[in-house]
Each structure stands twice: as structure tokens, then as C-alpha cells.
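Reading the structure
Residues per chain are reported as follows:
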Amino acid sequence: MDWIERIAGIRRWARGGERAPHKPLLLLYVLGRFQQHGNLPILFNAAEADLKQLLKEYGPPRNTSPGYPFHHLTSDGLWLVDTATGPGSPGPELGRLRDSQAAGRLHPDLARALSEDPRLATGIARFLLDANFPPSLHADICRLAGLDLDSLETVTTAKPTPVDPVRRDPAFREKVLMAYEYACAFCAYDGWLDGTAVGLDAAHVRWWAFDGPDDLANGLCLCVIHHKLFDKGVLGLTLDRTITVSAKFVGRSASARDMVLSLAGRSVRDPQPGLDAIGSDHIDWHGRQVFRTPARNT
């Protein structure tokens, strides 16, 4: 049985390109628990706060319940939920999960496969991360989920992931950095070391994991810190290409004011003449799916 293909086929709520990473986040959390404690049952009451934080940090901007993935993942043949009175999930409602002392665990066949092949956990985690989140967030997600990929990958080479129908364009980064003349489109940072640009990334406006193409109309040259803040939803863009800052962001230092808060209302840097600017459809997707509304007043 190919478990990565099984996981690639998990059923998820979908509508108009909206993000629904609830089950992937639960699976990453469960892999972290498996790494530390094996397939011991995970009591919902004990995991609720952790799952809520994962969904708050890396889920869609709308409020979502940790009861949703805890219950609905049972329909995919990967996860079992029992209560104090017997097998079977009581449903996604938080009160029922708490009161029934619901506890979940990986399907015994999957747990056995993970124990027998150390490469499998790495392959599953890498697939879930690549299929749902930009690379700038991977390490932070693993840290919050309690998953140590580095220790897994030192055991042996990760199992190749068979589910990879779309290949990235290796030239995307260079094309984007060149278009913006090797300077951050938000703050104009343009550092170099020994003839190589450092601290600059080619950011996808619409995430690659959600059909964001590797082309200039979906790319921005951003410094590392502004790339992270853009992918976290602290920073966004309006359709007239001005920068927005989430009102949920709190920064009291002079550095936070200068590097983040002062960007509100500033026009984003344009690419070189004749090259594609950011597409309005990609800006709209980022605003709906990533940016943490509301925006600060300028």
C-alpha cells in the first residue's frame, strides 16, 4: 500500500480555491506525536489547544474549529477515534468531543508502516507541507506541530514522493529577482555578498500549492523578512498595488515601526518596464486566503 498516495487522496472541503488545510495540519501534529510517543491515543482535550493554535497560525483567515479535522479525518481510513464508551467519533462538535473523552490514533496499518520504514514519516510530512504551504512556513509549522524532520532525515534518505504531477520552474527565482532589479519590492533592500544576492526571495503571491504559477505575474522579489510576513498574512496588497498591514500585527519597537508598520499605504515597487506586474487575480486570492483582515488604516 502506498500511504503517500492515500494521503494525497484525503477528502477536503473545497470551494473556489479556498484553503482548507485542517486535515494536513492534524496529520502533521499526529506525526509529531508519533515521533515522540508512538501510536498512543491522543486525547482531544489534551490536543485541542495545540490544534487550535495550528489552525489559527496556518489555517485560512476565517475561524475554524479543531473538532472538524479530529472527527472528519476518520472518513479517510487513516485515523480512528474512540470515546470512553466505545469506538467511533461522537462528531465534530467541541462539546461532544470533550465530554465523551474522545481520543484519536493512526490506523494500525499506517502506524505499523511508519514503524517499519523511517523514511515514510519524512515522505508524508514533506508531501503535506509542499501540497499545502509555501516553503517559507515549513520550519515554523513543524516546530509548532512538534515534528522534528531534521532528526528523521538523518536516519536515512527520505522516501521519494510519487505524487508530484506539477514541476516547479527552476528559473522562477532568477526571473523574479531580475525583474525587480534584485531589490525587495516592499522595502528596497538589495544586499549582495561576493557577487551573489543574499536575503532576497522570489515570493509567490498565489501559493504554488494552490495553483499559483511560476510566472512574473505571480511573483514578487521580497527580502526574507517581508517574504515571511507576506506568507503569514501580516502584509498584503490592494488591487491598486499598495501595501496593506494587518491590524492584528503588534509591533512596539522602532524596528517594527520602520520595517512593517510604515509600509501601510506605500506603493509596491514595479518590475522593470515591459515586464508583467502582479496579476489582480493573484492579489485577490492572497487577500481572501492569506491576509489577516482587517487592514490598518494608513
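Scroll up for the structure.
Residues numbered from 1 in each chain as written. Predicted model: local features only at pLDDT ≥ 70, side-chain atom pairs only at ≥ 80, totals over all residues. Heavy atoms only, no water.

Spatially, four strands are ordered β1-β4-β2-β3 in an open sheet, and the strand pairing comes out antiparallel. Two strands lie at the open edges of the sheet, namely β1 (42–43) and β3 (86–87), each paired on one side alone. With two bridges joining them, β1 and strand β4 (residues 103–106) adopt antiparallel strand pairing. By the bridge assignment for β4, Ile42 is matched with Gly104. The strands that helix α6 (residues 108–116) touches are β2 (79–83) and β4; relative to β4, the one it contacts most, it runs at about 50°. (Pairing = 2+ DSSP bridges. Helix = DSSP H or I, 4+ residues; strand = E, 2+ residues; numbered from the N terminus. Contact = heavy atoms within 4.5 Å. Axes fitted to C-alpha atoms, helices over the stretch in contact; angles between N-to-C directions.)

This part takes up the pairing of β4. Bridge count between β2 and β4: four bridges; the pairing is antiparallel. Bridging from a neighbouring strand, Asp82 pairs with Ala103 of β4.

The next point concerns the packing of helix α3 (residues 44–58) against helix α8 (residues 138–145). Helix-helix packing is characterised by the crossing angle of the two axes and by the distance between the axes. At a minimum axis distance of 10 Å, the contact between α3 and α8 shows a crossing angle of 165°. By the angle class used here, α3 and α8 are roughly antiparallel. Where α3 crosses over α8, the two elements pack in a sense that is right-handed. Contacts from Gln53, Leu54, Glu57 and Tyr58 of α3 reach α8 at Asp140, Ile141, Leu144 and Ala145. (Parallel < 35°, antiparallel > 145°, perpendicular 65-115°, else oblique. Left-handed = near helix turned anticlockwise from the far one by under 90°.)

A separate point is the pairing of β2. Of the two faces of β2, only the one carrying Trp79, Val81 and Thr83 is buried; Leu80 and Asp82 on the other face are not. The antiparallel hairpin formed by β2 and β3 contains two residues in its connecting segment. (Buried < 20%, exposed > 50% of the residue type's maximum accessible area, 1.4 Å probe, protein only.)

This part covers the pattern of salt bridges. Using the criterion set out here, one finds 14 salt bridges in the structure. Of the charged contacts in the structure, one is a salt bridge between Glu48 and Arg98, with a shortest N-O distance of 2.5 Å. Taken together, the residues Glu48 in helix α3 and Arg98 in helix α5 (residues 94–99) connect sequence positions 50 residues apart. The exposure class of Glu48 is buried, given its relative accessible area of 14%. Counted as one network, the salt bridges with shared partners bring together Arg11, Lys23 and Asp76. (Salt bridge = Lys/Arg side-chain N within 4 Å of Asp/Glu carboxyl O.)

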